[in-house]
Amino acid sequence: MRVLIAEDEPVLAAFIAEGLRQQAMAVDIARDGLTAVQKLAADEYDVVVLDRDLPGKHGDDVCREIVATGLRARILMLTAMGDVRERVAGLRLGADDYLAKPFDFDELVARIDALGRRARPAAPPVMRHGGIELNTALRQVMQDGRYVPLSVKEFGVLHALMAADGAVVSAEELLSGVWDENADPFTNAVRITMSRLRAKLDDPQVIETVAGAGYRLRGDKP
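Here's a quick rundown of the structure.

Conventions we followed
- Residues numbered from 1 in each chain as written.
- Predicted model: local features only at pLDDT ≥ 70, side-chain atom pairs only at ≥ 80, totals over all residues.
- Heavy atoms only, no water.
- Pairing = 2+ DSSP bridges.
- Helix = DSSP H or I, 4+ residues; strand = E, 2+ residues; numbered from the N terminus.
- Contact = heavy atoms within 4.5 Å.
- Axes fitted to C-alpha atoms, helices over the stretch in contact; angles between N-to-C directions.
- Salt bridge = Lys/Arg side-chain N within 4 Å of Asp/Glu carboxyl O.
- Buried < 20%, exposed > 50% of the residue type's maximum accessible area, 1.4 Å probe, protein only.
- Phe/Tyr/Trp six-rings, centres within 6.5 Å; stacked < 30°, edge-to-face > 60°.
- Core = buried A, V, L, I, M, F, W, Y, C linked by side-chain atoms within 4.5 Å.
- Parallel < 35°, antiparallel > 145°, perpendicular 65-115°, else oblique.
- Left-handed = near helix turned anticlockwise from the far one by under 90°.
- Nonpolar A, V, L, I, M, F, W, Y, C, P; charged D, E, K, R; others polar.
- Arc of directions from axis to C-beta.

### Here we look at the sheet that holds strand β8 (residues 140–143)
Then, in step 1: Strand order in this open sheet of 4 strands is β6-β7-β8-β9, and the pairing throughout is antiparallel. Each of the sheet's edge strands pairs with one partner strand only, and the pair in question is β6 (126–129) and β9 (146–147).
Then, in step 2: For β6 and strand β7 (residues 132–135), the ladder comprises 4 bridges, and the chain directions are antiparallel. Residue His-129 lies in a different strand from β7, and its bridge partner there is Ile-132.
Then, in step 3: Of the strands in this sheet, β6, β7 and β8 touch helix α6 (residues 152–163), which is tilted by about 110° from β7.

Laid out in structure tokens, this is it:
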């Protein structure tokens, strides 16, 4: 899942971003409304965590623009104001959900997860391919009954491959969906992570390299 954090408080933005990255999400940050709009035009996001009181371009206007342009991104609006009228106003602008500050981080993650499922075709909470079982809720992978300890990036790569259901996923798609906008497009991060992931699986060849195209899971499903 790719998330844009539009929040002008740098400490809070960094805290949210780091926490979501630990949940295997790719996260970018915009500290004002104009930057948020620019990032939304340049990249495809599943969820936008949108502070209502952004400088440059107010969060309400950013929300209106997302809705008007028909972007896929779902909007979780943040505000320091918990008044019912404020929540109603935000939802009427087109926000999909609303969370008042201060908030519980686990609740924020749960709401982002729920919005992410609405932003794209829903993947089942438990995905299986051959002997591999990936549980998104527990962030856990088993292979033939054996627990496979994966890093956040390894989990994200395997999740992307399993969600593709045998289709080829390019290195560029993995870089965009599992890392973030700061990832160097010429980096070896995908290749290195793929090598480490394969080494942790009982059958490393379950992940095939398709020359010039990307990667896919071998087609022996349960």
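### Examining the pattern of salt bridges
Then, in step 1: According to the stated counting rule, one finds 17 salt bridges in the structure shown.
Then, in step 2: Residues Lys-57 and Glu-65 are paired through a salt bridge, measuring 3.4 Å at the closest nitrogen-oxygen approach.
Then, in step 3: On the accessibility criterion, Glu-65 (30% relative accessible area) is partly exposed.
Then, in step 4: Residue Arg-64 pairs with Asp-61 through a salt bridge whose shortest N-O separation is 2.7 Å. With Arg-64 and Asp-61 both in helix α3 (residues 59–68), this residue pair falls 3 residues apart, about one helical turn.
Then, in step 5: If you follow the salt bridges from partner to partner, you end up with Glu-7, Glu-9, Asp-51 and Lys-101 in one network.

### Some thoughts on the pairing of β6
Then, in step 1: Only one face of β6 is buried: it carries Met-127 and His-129, and the other face, with Val-126 and Arg-128, is open.
Then, in step 2: Between β6 and β7, which pair antiparallel in sequence order, lie 2 residues; one of them, Gly-130, sits at a positive phi of approximately 60°.

### Description of the packing of aromatic side chains
What characterises a pair of aromatic rings is the spacing of the ring centres plus the angle enclosed by the ring planes.
Then, in step 1: Tallied over the full model, the rule gives 1 aromatic pair.
Then, in step 2: Judged by centre distance (5.5 Å) and plane angle (65°), the ring pair of Phe-15 and Phe-105 falls under edge-to-face. Pair noted here: Phe-15 is in helix α1 (residues 10–21) and Phe-105 is in helix α5 (residues 105–119), with a separation of 90 residues, a long-range link.

### Examining the nonpolar core
Then, in step 1: Among the nonpolar cores identified, the biggest contains 26 residues, and Val-141, Val-157, Leu-158, Leu-161 and Ile-207 are the most heavily contacted of them.
Then, in step 2: Elements with a minimum of two residues in this core: β7, α6, α7 (171–178), α8 (189–200) and β11 (214–217).
Then, in step 3: Here this core gets 5 residues from one element, more than from any other, and that element is α6.
Then, in step 4: For Ile-207, the contacting residues outside a window of four places in its chain are Leu-161, Met-194, Leu-197, Arg-198, Leu-201, Tyr-215, Arg-216 and Leu-217.
Then, in step 5: Counting residues in each nonpolar core, the second largest holds 20 residues, with Val-3, Ile-5, Val-27 and Val-49 among its members.

### Brief notes about the packing of helix α2 (residues 33–42) against α3
Each packed pair of helices is defined by two parameters, the angle between the axes and the distance between the axes.
Then, in step 1: Two elements in contact, α2 and α3, have axes separated by 9 Å at closest approach and are oriented at 15°. In terms of orientation, α2 lies roughly parallel with respect to α3. For the crossing formed where α2 meets α3, the hand is right-handed. Counted together, Gly-33, Ala-36, Val-37 and Leu-40 of α2 and Val-62, Glu-65 and Ile-66 of α3 form the full contact between these two elements.
Then, in step 2: Along the lines of polarity and charge, the residues of the contact of α2 with α3 split into 5 nonpolar, 1 polar and 1 charged.

### Some words on α3
Then, in step 1: Of the positions making up α3, those classed as buried are Gly-59, Asp-60, Val-62, Cys-63 and Ile-66. The buried residues of α3 all sit within an arc of 160° when viewed along its axis, so they share a single face.
Then, in step 2: Just beyond α3, the residue with positive phi is Gly-70, at close to 70°.

### Some thoughts on the sheet that holds strand β2 (residues 26–30)
Then, in step 1: Taken in spatial order, the 5 strands line up as β2-β1-β3-β4-β5 in an open sheet, and their pairing is parallel. A strand with exactly one partner marks an edge of an open sheet, and here the two such strands are β2 and β5 (97–100). Each neighbouring strand pair of the sheet contributes to a mean axis angle of 20°, computed without reference to strand direction.
Then, in step 2: Sheet analysis places strand β1 (residues 2–6) next to strand β3 (residues 47–51), joined by 4 bridges and oriented parallel. In the sheet register, Val-3 faces β3, and the bridge partner there is Val-47.
Then, in step 3: Together, β3 and β4 (74–79) form the strand contacts of α3, whose direction differs from that of β4 by roughly 170°.

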